[in-house]
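Geometric and topological summary
One letter stands for each residue in the lines below.
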Amino acid sequence: MNCTSQRRLIAVDPSLTQSGWVVLSLDQDTPLSWGVIRGGKSSENIQNRLLSIQKAINEIFEVHRIGENDYIVCEGPAPVTLNPSSTLKVEQVRGVFETLARSKGVCVPGRLNPRTVQSELLGIRGKQIPREEVKRIARQVAMSLFQDLDASHPQDVIDACLIGALARSRIIRALQTGVLVESVFQEQERKGRHYAGSGKSRGLRWSSSSFVGQLK
């Protein structure tokens, strides 16, 4: 059993090179910790790189005593894959996070694909805009949600915080309404795919107040 009283969520932006992660409390809107996990040099054997990542993940779990009653949500693959080889490598990293989490009794309710985060959290819908502009908006929104973030934080941490903000809101909603957490993620992912192709943009929909007092 989890020895802590508060329930946590680990949100992850997985990558073989550098994975961003954040630990959030479901009971408070302030992040508990964040950072990056580096997967070693590209010249190294991929099995060794994955083992290094697994050890780093396990250390995070142990430091924060992550276990039963806690959650993990990773960014899923983009709807359109331009580089299948890279996608497969990232999927292996994602699998390490989720498999290790399950072995510790952590709930893995689903994933959030990038388009869903962009449409629901950043207000970006329809035609894709330049990547640098997406990063700028992402950083702006993340810093407005989590005031401890600043311009010095890596983009991987920014992305993990956005995934965490959206995932935390969904988990809280499921707990408050008594539905399965997994069903909330599945339903919202279908909506996210619909919005991504709708050609509509409603602007930013979230603020830091969206997360305050959701779960007492």
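Check the entry above for the structure.
Residues numbered from 1 in each chain as written. Predicted model: local features only at pLDDT ≥ 70, side-chain atom pairs only at ≥ 80, totals over all residues. Heavy atoms only, no water.

1. Some remarks on the layout of surface pockets
Note the following rule: Here a cavity denotes a set of grid points, spaced 1 Å apart and computed over the protein atoms alone, in which a 1.4 Å probe fits but from which it cannot get out, and a pocket denotes an open set meeting protein on both sides within 12 Å along at least five of seven lines; residues with an atom within 4 Å of a point are reported as lining. Grid points are joined across faces, edges and corners, and a volume is the space filled by probe spheres set on the points. Helix numbers and strand numbers start at the N terminus; a helix is a DSSP run of H or I with at least 4 residues, a strand a run of E with at least 2.
Roughly 1200 Å³ of internal volume is contained in the largest pocket. Lining the largest pocket are 37 residues, and of these Asp13, Glu75, Ala78, Pro114 and Arg131 lie nearest its centre. Looking at the lining of the largest pocket, the elements that each hand over two or more residues are α2 (84-103), α3 (114-122), α4 (131-145) and α5 (155-177).

2. A few points about the side chain of His153
The test is simple: For every residue, the accessible area obtained with a 1.4 Å probe (protein chains only) is divided by the maximum for its type, and the residue is called buried under 20%, exposed over 50%, and partly exposed between those limits. Distance and chemistry together define a polar contact, namely a pair of N or O atoms within 3.5 Å, with one atom able to donate a hydrogen and the other to accept it when in protein, and with adjacent residues in sequence counting only for side-chain atoms on both sides.
By secondary structure assignment, the location of His153 is in the loop between α4 and α5. Take His153: its relative accessible area is 14%, and that puts it in the buried class. At 3.3 Å, the side chain of His153 forms a polar contact with the side chain of Trp34.

3. Some remarks on the packing of aromatic side chains
As a reminder, the rule being used: Ring geometry is summarised as follows: Phe, Tyr and Trp rings, the Trp one being its six-membered ring, pair when their centres sit within 6.5 Å, and such pairs are stacked at plane angles under 30 degrees, edge-to-face over 60 and tilted between the two. In this analysis the charged atom, NZ for Lys or CZ for Arg, is taken to sit over a ring once it is within 6 Å of the ring centre and within 35 degrees of the ring normal.
With the rule as written, the count across this model stands at zero aromatic pairs. Here Arg170 stacks its cationic end above the ring of Phe185, 5.5 Å away from the centre of that ring.

4. Considerations on helix α1 (residues 46-63)
Short version of the rule: Expected span of a helix: the number of residues minus one, times 1.5 Å. This arc corresponds to the set of directions leading from the helix axis out to the C-beta atoms. Contacts are assigned to residue pairs that have any heavy atoms within 4.5 Å of one another.
The first and last C-alpha atoms of α1 sit 26 Å apart over 18 residues, in line with the 26 Å expected at 1.5 Å per residue. Inspection of α1 places Arg49, Leu50, Ile53, Ile57, Ile60 and Phe61 among the buried residues, and these make up the whole buried set. Buried residues of α1 fall within an arc of 115° about the axis and therefore sit on the same side. Exposed and oriented more than 90 degrees from the buried face of α1 are Gln47, Lys55, Glu59, Glu62 and Val63. The inward-facing, buried residues of α1 abut β1 (8-13), β2 (18-25), β3 (31-38), β4 (71-75) and α2.

5. Some words on the sheet that holds β2
The following threshold applies: Strands pair, by our definition, only if DSSP identifies at least two bridges between them. For every element, the axis is a line fit to its C-alpha atoms; helices are fit only across the contacting stretch, and the angle between N-to-C directions ranges from 0 to 180 degrees.
As summarised here, the arrangement of the five strands in space is β3-β2-β1-β4-β5, forming an open sheet in which the pairing is mixed. One side of each edge strand has no neighbouring strand; the edge strands of this open sheet are β3 and β5 (111-112). Bridge analysis of β1 against β2 gives six bridges, and the strand direction is antiparallel. Paired with Arg8 across the bridge in β2 is Ser25. Set on the sheet, α2 makes contact with β1, β2, β3, β4 and β5; between it and β4 the angle comes to about 175°.

6. Looking at the side chain of Asn113
Structurally, Asn113 is set in the loop between β5 and α3. Within the structure, Asn113 has its side chain in polar contact with the backbone nitrogen of Arg115 (distance 2.9 Å). Only 2.9 Å separates the side chain of Asn113 from the backbone nitrogen of Thr116, close enough to count as a polar contact.

7. Digging into the environment of Leu51
Take Leu51: it is sitting in helix α1. It is 8.9 Å that separates the C-alpha atoms of Leu51 and Val96, two residues lying 45 residues apart in sequence.

8. Some thoughts on unusual backbone geometry
Not every positive phi belongs to a glycine, and Arg65 is a case in point at roughly 50°. Tracing the sequence through the fold places Arg65 in the loop between α1 and β4. Unusually for a residue other than glycine, Asn69 sits at a positive phi of about 80°. The topology assignment puts Asn69 in the loop between α1 and β4.

9. Section: the pairing of β3
Two elements, β2 and β3, share seven bridges in a ladder whose sense is antiparallel. Looking at the pairing, Trp21 lines up with Gly35 of β3. If you look at the hairpin formed by β2 and β3, you'll find five residues sitting between the two strands.

Taken by themselves, the reported measurements are silent on function.
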